[in-house]
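Fold and geometry: a report
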Amino acid sequence: MKNLSKKLLIKTIQLIRFFIKSKKLDIFFSKILSIKFKKNRLEITTTIGCALMCDYCPQTLIKSTIKKNENLDERIMTYENFKLYFENVPDKTVIHWSGYSEPLGNKNFKEFINYLQTKNYEQHISTTMFGRKDNEEFMSQTKAFKSVTFHLPDDSNLMKLKVGEQYLRNLEQALRFQCGLLPSNDIYIVVFGKNFHPQVENIIQKLINEKIISKKSLDIRDHIHTRNGEVSNMDKFRTDENNFKEIKKGENKLYYCSYGRLDQGVMLPNGDINLCCQDYSLKGVIGNLKNESLIKLYKQEYIYKKGFASGQYNLCKKCEYYTSL
């Protein structure tokens, strides 16, 4: 139904643009097409740099960016700064604990979650279940999340996670707790590759047999994002092609984000909001929550001044989701 509505919207926009040529109207249309959900969303990166170093994640790029940029020297989010930033985040904003690194790696993770829970923010998380021991255990205690994605190790060591007894124990406890708490369609058990790590697979199969996990929650993926052209040509994986072509003179194309990420930025430890989760170069910073509201930043005035709607925004040209009509 959503796809049908989107196709109808695109057809309607194309028809209007056939009769009316207007840059302001094109920006309006681009904004509509570049948003996926009714509520604004915000991804949170609690630490810069991820120890898991998955082959399909350009962590070396983000680490090198940090070394070169003095404005990004805060690598670990503090609790005091976190509360300061959220003074500028409306409580209707949907929070995603994901971004560019594993959220369980920050020592203040539990305090972050509990603070937002007291403020009634809707929270979702994507976690590998690898981090600080107390945070791993917290995942089998907290009822803060509306959905949980378990992004788990594969059988080919694409995710550099050492699967040991403590990890397996905490993973099983978290799976039991969260699957018992949430509907099956709000639990996602994901692996990138052919299959889960054998020991992880054993736990999953056991919990399926006990009817704790639904098979519908399993997602074995052979498709990866290119992360704005930084990840490609990985054996056994599919990627969407970037078909971006420079606009020829006289062309009247309208560009938008087909991934719907213009209202789902990524908050960094220093309060910066980066444009979206596909940009590991961190060149898409649109502002900072220390002194600006998220609502203002999501108007995306900067990128539209730089020609986003007309295909002139250079940062997105390598991204498979920078799409034209």
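From a predicted model like this one, the values you see are computed outputs, not experimental measurements.

With that out of the way, let us pick up the overall build of the chain. Summing up its helical and strand segments, the chain has 10 helices and 11 strands in all. Compactness check: the chain gives a C-alpha radius of gyration of 20 Å against a globular reference of 20 Å for 325 residues, within 12% of the reference. Based on the C-alpha atoms only, the size of the chain along its principal axes is roughly 65 × 40 × 35 Å. Across the chain, every contact between residues at least 6 apart in sequence was considered, and the portion connecting residues at least 24 apart equals 74%. Accessible surface, the chain: about 16,800 Å² in total, of which carbon and sulfur atoms supply 50%. A gap of 6 Å separates the mean positions of the 52 positive and 36 negative side-chain charges of the chain.

A separate point is the side chain of Ser 101. Locating Ser 101 in the fold gives a position in the loop between strand E2 (94–97) and helix H5 (109–118). Ser 101 gets classed as buried once you look at its relative accessible area, which sits at 9%. Engagement of the side chain of Ser 101 in a polar contact is seen with the backbone oxygen of Thr 47, the distance being 2.6 Å. Beyond its immediate stretch of four places on either side in the chain, Ser 101 contacts Thr 45, Thr 46, Thr 47, Gly 49 and Cys 50.

The tally for this structure, following the rule as stated, stands at 20 aromatic pairs. Look at Tyr 259 and Tyr 321: their rings are 4.5 Å apart centre to centre, the planes differ by 15°, and that puts the pair in the stacked class. Of the two residues, Tyr 259 sits in the loop between strand E7 (255–257) and strand E8 (264–267) while Tyr 321 sits in the loop between helix H10 (301–305) and strand E11 (322–324), which places them 62 residues apart along the sequence. Both rings, one in Phe 308 and one in Tyr 322, keep their centres 5.0 Å apart while their planes meet at 40°; by these two values the pair is tilted. Residue Phe 308 is found in the loop between H10 and E11, and its partner Tyr 322 is found in strand E11; the two are separated by 14 residues along the sequence. Within the aromatic cluster, the residues linked to one another by ring pairs are Tyr 79, Phe 82, Phe 86, Trp 97, Phe 109, Phe 112, Tyr 115, Tyr 121 and Phe 138. For Arg 41, the ring lying beneath its charged end belongs to Phe 37, and the centroid distance is 3.7 Å. A cation sits over an aromatic face here: Arg 261 above Tyr 259, 3.9 Å from the ring centre.

All right, on to the pattern of salt bridges then. Inspection of every chain in the model, using the stated rule, returns 14 salt bridges. In this structure, Glu 80 and Lys 83 form a salt bridge, with 3.5 Å as the shortest nitrogen-oxygen distance. Highlighted residues: Glu 80 and Lys 83, both in helix H4 (residues 79–85), separated by three residues, approximately one helical turn. Classification of Lys 83 as partly exposed rests on a relative accessible area of 23%. For Arg 176, the salt bridge identified is with Glu 172, shortest N-O distance 3.1 Å. Highlighted residues: Arg 176 and Glu 172, both in helix H7 (residues 165–181), separated by four residues, approximately one helical turn. What makes Glu 172 buried here is its relative accessible area of 16%. Each of Glu 172, Arg 176, Lys 206 and Glu 210 takes part in a single network of salt bridges with overlapping partners.

Further remarks concern unusual backbone geometry. For Met 53, which is not a glycine, the phi torsion comes out positive at approximately 45°. Here Met 53 shows up in the loop between strand E1 (41–44) and helix H3 (59–68). The residue Asn 228 is not glycine, and still its phi comes out positive at about 60°. Inspection of the secondary structure assignment puts Asn 228 in the loop between strand E6 (218–221) and E7.

Bringing the sheet that holds strand E4 (residues 145–151) into the picture now. Sheet strands line up and pair through hydrogen bonds in the backbone, either parallel or antiparallel. An order of E6-E5-E4-E3-E2-E1-E8-E9-E10 is seen for the nine strands of this open sheet, with the pairing classed as mixed. Looking along the sheet, the strands with just one partner apiece sit at the ends: E6 and strand E10 (285–288). The sheet shows a mean angle of 25° between the axes of neighbouring strands, taken without regard to direction. Two strands pair when backbone bridges link them, and strand E5 (residues 187–192) and E6 are joined in this way by four bridges, in the parallel orientation. Within E6, the residue paired with Phe 192 across the bridge is Arg 221. H7 rests against E4 and E5 of the sheet, and its axis sits at about 145° to E4.

Time to look at the packing of H7 against helix H8 (residues 198–209). One way to put it is that H7 packs onto H8 with a least axis distance of 11 Å and a crossing angle of 30°. Between H7 and H8, the angle is such that the two are roughly parallel. Between H7 and H8 the crossing geometry is right-handed. Contact residues: H7 offers Tyr 167, Leu 168, Leu 171, Glu 172, Leu 175 and Arg 176, while H8 offers Gln 199, Val 200, Ile 203, Lys 206 and Leu 207. Classifying every residue of the contact of H7 with H8 gives seven nonpolar, one polar and three charged.

Those residues of H5 not exposed but buried are Phe 109, Phe 112, Ile 113, Tyr 115 and Leu 116. In an axial view of H5, the angular spread of the buried residues amounts to 165°, which keeps them on one side of the axis. Buried residues along H5 sit against H4, E2, strand E3 (122–127), helix H6 (133–138) and E4. A positive phi of about 65° marks Asn 120, the residue just after H5.

The rules we used
Residues numbered from 1 in each chain as written. Predicted model: local features only at pLDDT ≥ 70, side-chain atom pairs only at ≥ 80, totals over all residues. Heavy atoms only, no water. Helix = DSSP H or I, 4+ residues; strand = E, 2+ residues; numbered from the N terminus. Rg over C-alpha atoms; globule rule 2.2 N^0.38 Å. Contact = heavy atoms within 4.5 Å. Areas by Shrake-Rupley, 256 points an atom, 1.4 Å probe, with all protein chains shown as cover. Lys, Arg positive; Asp, Glu negative; His and termini not counted. Charge placed at Lys NZ, Arg CZ, Asp CG, Glu CD. Buried < 20%, exposed > 50% of the residue type's maximum accessible area, 1.4 Å probe, protein only. Polar contact = N/O pair within 3.5 Å; in protein donor to acceptor, adjacent residues only side chain to side chain. Phe/Tyr/Trp six-rings, centres within 6.5 Å; stacked < 30°, edge-to-face > 60°. Lys NZ or Arg CZ within 6 Å of the ring centre and 35° of its normal. Salt bridge = Lys/Arg side-chain N within 4 Å of Asp/Glu carboxyl O. Pairing = 2+ DSSP bridges. Axes fitted to C-alpha atoms, helices over the stretch in contact; angles between N-to-C directions. Parallel < 35°, antiparallel > 145°, perpendicular 65-115°, else oblique. Left-handed = near helix turned anticlockwise from the far one by under 90°. Nonpolar A, V, L, I, M, F, W, Y, C, P; charged D, E, K, R; others polar. Arc of directions from axis to C-beta.

Note that every value here comes from positions in space, so none of it alone points to a role or purpose.
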